[in-house]
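Residues per chain, in single letters:
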Amino acid sequence: MSIFKSRKIKVPTSAPTELVISRNEHGVMSVNAPSLGSLLWGSGYAHAYDRYTQLLLMRIIGQGRLCELLEDTQVNLEIDTFFRKANWHNNINNEIDKLDPHTESMCQHYCDGVNAGIKQKNWSMLKALGYKHEPWTIEDSILISRMTGYLTLAQSQTEIEHFFIECIQAGIETDLLKELFPVSDQDIDRDLLSKITLEDSIIPSQALWNSVLPRMMASNNWVIGGDKTHSGKAMLANDPHLEVNRLPNVWCEQILEYGEYRVKGLGMPGLPGVVIGRSNDLAWGVTYAFMDSVDSWVEDCKGGQYLRDGIRCDFEVRREVIKRKQSADHQVTFYDNQHGVLSGDPCVDGYYLSTKWSGAQSGAASLNTAIKMFTVDDTQTALAILGQVESAWNWVVCDNNGDIGYQMSGLMPLRISGWNGFTPQLGWHSENDWQGFVEPKDLPRIYNPESNYIVTANQDLNHLGNCSPINMPMGDYRAQRIADLIEEESQHDVSSNQKIQLDVYSKQACQFLDILLPLLRIPHCNHTLFIILENWDCCYDLKSKGAVVFEAFYSELRHIVFANKNHGFSDKVGNYLTQETGIFIDFYQQFDQVLLNNDSAWYQGASQAECFVKAFLSIEQQCLKPNWGEENKLSFVNILIGDKLPQWLGATTPPISLRGGRATPSQGQIYRSANRQTSFAPTIRVVTQMNDFVLHTSVAGGPSDNFLSPWYRSELKDWQNGQYKKLI
């Protein structure tokens, strides 16, 4: 229980009349206003009050201005270059024109509140670094919308598609690649793919663009109908699994009330509205959908031009100047065409990729949706509205009438027949261009299923739609386990849903042990590590020894099979892929399908049984940690300054143990990417039932981004212990 008392927040004289902002005993901002416009002003003010640094840092990064406004380093120059190349800070005026008048007015109220809050800020690390703020605009909110729709979500799809080309160029056989990638029905021109010059290679990159921003990837959400609950009313649970070890938390909680409307939940600073939460009559939650919304085309470049339908055409040349604090201004040149941005210099003859994300020029529909959700009170209407969001999400919804539903959102490209978007298409034939986008009604969706519950956990959900937007899903272990736990109980309540969110049982480990343990019983039955695995319950709790042993075995097996020079990878490259990138983290199911397949072509020169036993025996000499809590821990660091300050100042925490693994409902992955330690874990846990207007939440962090504030990490210990608070 919190020792703090609620208190009123002082607002400037420019604030709307009758606006009241207060902080409850948990530090969560509550905004009470007479109208929606006044409410959004207050919400924006509260975002700036608590998340000044996070809000403005996101904009600085999205604009590609780190070297100009903060720290002029080579790493920041690469980040600036990436975002200038993405070009999300331009092409926004057309989106402003797409806002309906009501949304534009409400968004302006939100921006006015943000700017009032920015002016009131006395101290922040940004100011200490010499940053002078600029006014917040609707254009900035659209930029943030684009960033949150792409950052490592669509980016992961780009990486895996480029990685496939690198595998071709490394000489890996087509039969092997067909087991890993969705290319069994695709035409693969190995000769052409081998000729492509890849500017942004996955393998050697050490300073990835996301070294400043938190990775956003996996999540769980589900809804349960009233027939399966104690109250007879529907329930919703959601726990976004993102990069958890960055403070402040990505999400910002608020309680928003005007007139008869009351909405509470999680938003993203810089965006008006609530992304995950509930109103009096409706609850909604979200996970990432793994839609393939990014495609590439091979461009035949010669003399600075590209080939299209037999004619040489000029690129649109875009020159961006990156201002630098300590060095001369840096000019970068990009070449755009109808296929996106070219990765390479067309003045050097050769084959290059142009890559396009479907949401690159979006944002208006997402803002329109955010404002509409304040007054929606039924599931069917909510699904139709949420389906208009331009980025790829899995939305689950339930209402007071007992209805539950699911809708995927996102701009899924309409592609030429026979092309699923995973491999690059020939850019010199115009018939290979996108032909528009799939209608939301044809995307995966379901309403009141017979099962009386819906689970999404980044798994393949193509069967629920009239199209197949997902070609590289995450593993379905989490979704299967959650469904099993829902099925086990005839009636659910808040406590049972919280128990599911905290569950650390791994169906993945169980499948691997079903193969491994029989191989070890003779002649290794007295082996200490074997006994640990044989007695392990496949749970990744902090005291588990089995989790440590299994993870060591799994890592060795993966290395033996995939980091094998006979397949085209050297040990050095294999180690990099398994230890320094998110490739195996994001798409482990594809690799597991190979490892669990006794007949896989990847078992060349050694059988599956031989590889399993070799992997197990190879960990004998390793110095393993005594339990999962000791093995799986990391420090939480500040989003702006990392761990540069002494720990006693409070910006960085001592090492914190994470329960769970990659395949458990309560995920707890720790790995290295972009030369830094990162993680996937539930950044926040949310449970609510429609018979009680309470949101049960548990946040990894606190409301404030100021490490000198008592609210910086006020909930971190409760989050570690699996304890929830009530937002009433």
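Residues numbered from 1 in each chain as written. Predicted model: local features only at pLDDT ≥ 70, side-chain atom pairs only at ≥ 80, totals over all residues. Heavy atoms only, no water.

What about the confidence of the model for the protein?
- Looking at the protein, the pLDDT average stands at 91 and 93% of residues meet or exceed 70.
- Within the model, the stretch residues 202-212 combines pLDDT values under 50 with 41 contacts to residues more than four positions away or in other chains. (pLDDT = per-residue confidence, 0-100. Contact = heavy atoms within 4.5 Å.)

Here we look at the side chain of Thr-423
- When you line up the elements, Thr-423 lands in the loop between strand E19 (404-409) and strand E20 (425-426).
- Excluding residues within four positions of it along the chain, Thr-423 makes contact with Phe-164, Val-183, Gln-186 and Ser-296. (Helix = DSSP H or I, 4+ residues; strand = E, 2+ residues; numbered from the N terminus.)

Some details on the pattern of salt bridges
- The full count for this structure, using the stated rule, is 24 salt bridges.
- Salt-bridge contacts for Asp-72 lead to Arg-324; the nearest nitrogen and oxygen are separated by 2.7 Å. Taken together, the residues Asp-72 in the loop between helix H2 (66-69) and helix H3 (74-86) and Arg-324 in the loop between strand E14 (316-322) and strand E15 (330-337) connect sequence positions 252 residues apart.
- With a relative accessible area of 10%, Asp-72 lands in the buried category.
- Here Glu-320 ties to Arg-318 by a salt bridge, and the two come within 3.3 Å at their closest N and O atoms. No difference in accessibility class separates Glu-320 from Arg-318, as the two residues are buried. (Salt bridge = Lys/Arg side-chain N within 4 Å of Asp/Glu carboxyl O. Buried < 20%, exposed > 50% of the residue type's maximum accessible area, 1.4 Å probe, protein only.)

Overview of the nonpolar core
- Counting 195 residues, the largest nonpolar core has Phe-181, Phe-550 and Phe-553 as its most contacted members.
- When residues in this core are grouped by element, the largest group, 14 residues, is from helix H1 (residues 36-63).
- The contacts of Phe-550, once residues within four sequence positions are left out, are Gln-508, Ala-509, Phe-512, Leu-513, Leu-533, Trp-536 and Tyr-540.
- In terms of nonpolar packing, the next biggest core, distinct from the first, is built from 17 residues, Met-235, Tyr-453, Leu-485 and Leu-502 among them. (Core = buried A, V, L, I, M, F, W, Y, C linked by side-chain atoms within 4.5 Å.)

Considering the packing of aromatic side chains
- Following the criterion strictly, the structure yields 37 aromatic pairs and no others.
- Measuring from centroid to centroid gives 5.0 Å for Tyr-150 and Trp-357, while their planes differ by 65°, and the two rings are edge-to-face. You can see Tyr-150 sitting in helix H7 (residues 138-150) and its partner Trp-357 sitting in strand E17 (residues 350-357), a full 207 residues away along the chain.
- Taking the relative accessible area as the measure of exposure, Tyr-150 reaches 8% and is therefore buried.
- The class for Trp-357 is buried, based on a relative accessible area of 7%.
- The interplanar angle of 65° and the centroid separation of 5.9 Å between the aromatic rings of Trp-434 and Phe-437 together place this pair among those described as edge-to-face.
- Its relative accessible area of 13% is what places Trp-434 among the buried residues.
- Counting every residue linked through ring pairs, the aromatic cluster contains Phe-512, Trp-536, Tyr-540, Phe-550, Phe-553, Tyr-554, Phe-612 and Trp-628.
- The ring of Phe-693 carries the charged tip of Lys-264 above its face, separated from the ring centre by 3.8 Å.
- Across the ring face of Trp-419, the terminal group of Arg-415 is positioned such that the distance to the ring centre comes to 5.9 Å. (Phe/Tyr/Trp six-rings, centres within 6.5 Å; stacked < 30°, edge-to-face > 60°. Lys NZ or Arg CZ within 6 Å of the ring centre and 35° of its normal.)

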